[in-house]
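Read off the chains here:
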Amino acid sequence: MDIFLALKAIVMGLVEGFTEFLPISSTGHLILAASLLNFTGEKVKVFEIAIQAGAMLSVIWEFRVRIGAVFAGITSDPKQQKFVVNLIVAFMPAAFLGLLFSKMIKQFLFAPVPVAMAFIVGGLIILWVESRNRRRPEKPRVDSVDDMTLLDAFKVGCAQAFALIPGTSRSGATIIGGMLFGLSRKASTEFSFFLAIPTLLAATVYSVYKERALLSMADLPLFGLGGLSAFISAFLCVRWLLRYISSHDFTIFAWYRIVFGIVILATAHYEWVKWVD
């Protein structure tokens, strides 16, 4: 494998891992990073989705005890059965809409300028939600993922569907959406982590299968490097975020999104950076 190609794969994996579970959009950052690295093409789009599996595996490892309990009690424990049903319900809206509109989204929205616009809009929404919470502090209706109803899960799933727009952020949509619907910050964040497992797994399997004609066994080392670096960086990020939310809100991520989006729009407008769609 070409050393520069390998380095690009590692960088892309690091970008995926460090941004997948923060409310700043991993897909948006991957599109921008790929453009800067001149790492583009149809195969790269499959690569960007496939390495999400590495980030997903980090969640499985971090929550391995809870996931083990789910598998152990799936046939006998009502608590675990309810949890699984909630995940399925939350997964369905994005899965259904993704199947319908994925081709259109890739054609028109997988580009730096639309991503920058989504960064800014998402940042403004986060600022509004956090400001609302400070002005009207209320005790969350749902303190734990085990207290969520089917309706709670469906609402969070509908929020996740907005993340089909690149730059929106899957984790941002589910966490902020969950908070709007009455979940605590901790419950929203943890459910976002768990929901990432079926969502990212389905996206990876579907994308690789659909574009299998583009791929060959020679691509395995490249995908493996990207997935491994995504796993390591995502694991570190998940551990950090769980500590961070215990005493902080998401305002800093909102300002990051807004400033970053403005920078992208400015560089594109004045042609300081040659962004490649």
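Residues numbered from 1 in each chain as written. Predicted model: local features only at pLDDT ≥ 70, side-chain atom pairs only at ≥ 80, totals over all residues. Heavy atoms only, no water.

## Looking at the packing of aromatic side chains
Here comes step 1: This model, assessed by the stated rule, comprises 13 aromatic pairs.
Here comes step 2: With 5.1 Å between their ring centres and 85 degrees between their planes, Phe83 and Phe194 make a pair best called edge-to-face. Placement of the pair is Phe83 in helix α6 (residues 78-109) and Phe194 in helix α10 (residues 185-210), with a sequence separation of 111 residues.
Here comes step 3: On the basis of relative accessibility, which here comes to 4%, the residue Phe83 falls in the buried class.
Here comes step 4: Exposure remark for Phe194: the relative accessible area of 3% places this residue in the buried category.
Here comes step 5: Members of the aromatic cluster, each reached through a chain of ring pairs, are Phe21, Phe63, Phe83, Phe193 and Phe194.
Here comes step 6: Between Arg64 and the ring centre of Trp61, over which it is positioned, the NZ or CZ distance is 4.0 Å.
Here comes step 7: The ring of Tyr209 carries Arg212 above its face, with NZ or CZ at 4.1 Å from the centroid. (Phe/Tyr/Trp six-rings, centres within 6.5 Å; stacked < 30°, edge-to-face > 60°. Helix = DSSP H or I, 4+ residues; strand = E, 2+ residues; numbered from the N terminus. Buried < 20%, exposed > 50% of the residue type's maximum accessible area, 1.4 Å probe, protein only. Lys NZ or Arg CZ within 6 Å of the ring centre and 35° of its normal.)

## Here we look at the confidence of the model for the chain
Here comes step 1: Of all residues in the chain, 99% have pLDDT values of 70 or greater, and the mean over the chain is 93.
Here comes step 2: When mean pLDDT is taken per element in the chain, helix α8 (residues 150-161) scores highest with 97 and helix α3 (residues 42-50) scores lowest with 90. (pLDDT = per-residue confidence, 0-100.)

## Section: helix α12 (residues 251-269)
Here comes step 1: In this model α12 runs 27 Å from its N-terminal to its C-terminal C-alpha over 19 residues, within 8% of the 27 Å that 1.5 Å per residue would give.
Here comes step 2: Within α12, burial applies to Thr251, Phe253, Ala254, Arg257, Ile258, Gly261, Ile264 and Thr267.
Here comes step 3: In this structure, the buried side of α12 is in contact with α2 (26-37), α7 (112-135) and α11 (220-244).
Here comes step 4: Glu271, located one to two residues past α12, shows a positive phi value of around 60 degrees. (Expected span 1.5 Å × (residues − 1). Contact = heavy atoms within 4.5 Å.)

## Some words on the pattern of salt bridges
Here comes step 1: The final tally for this structure, using the stated rule, is eleven salt bridges.
Here comes step 2: A salt bridge links Arg66 to Asp146; the shortest N-O distance between them is 2.8 Å. Highlighted residues: Arg66 in helix α5 (residues 64-73) and Asp146 in the loop between α7 and α8, separated in sequence by 80 residues.
Here comes step 3: Relative accessible area serves as the criterion here: at 23%, Asp146 is assigned to the partly exposed category. (Salt bridge = Lys/Arg side-chain N within 4 Å of Asp/Glu carboxyl O.)

## Remarks on the environment of Leu195
Here comes step 1: Among the secondary structure elements, Leu195 is positioned in helix α10.
Here comes step 2: Expressed as a C-alpha distance, the spacing of Leu195 and Leu87, which sit 108 residues apart in the sequence, is 6.1 Å.
Here comes step 3: Ignoring any residue separated from it by four or fewer positions in sequence, one finds Leu195 in contact with Leu87, Ala90, Phe91, Val156, Gln160, Arg170 and Thr174.

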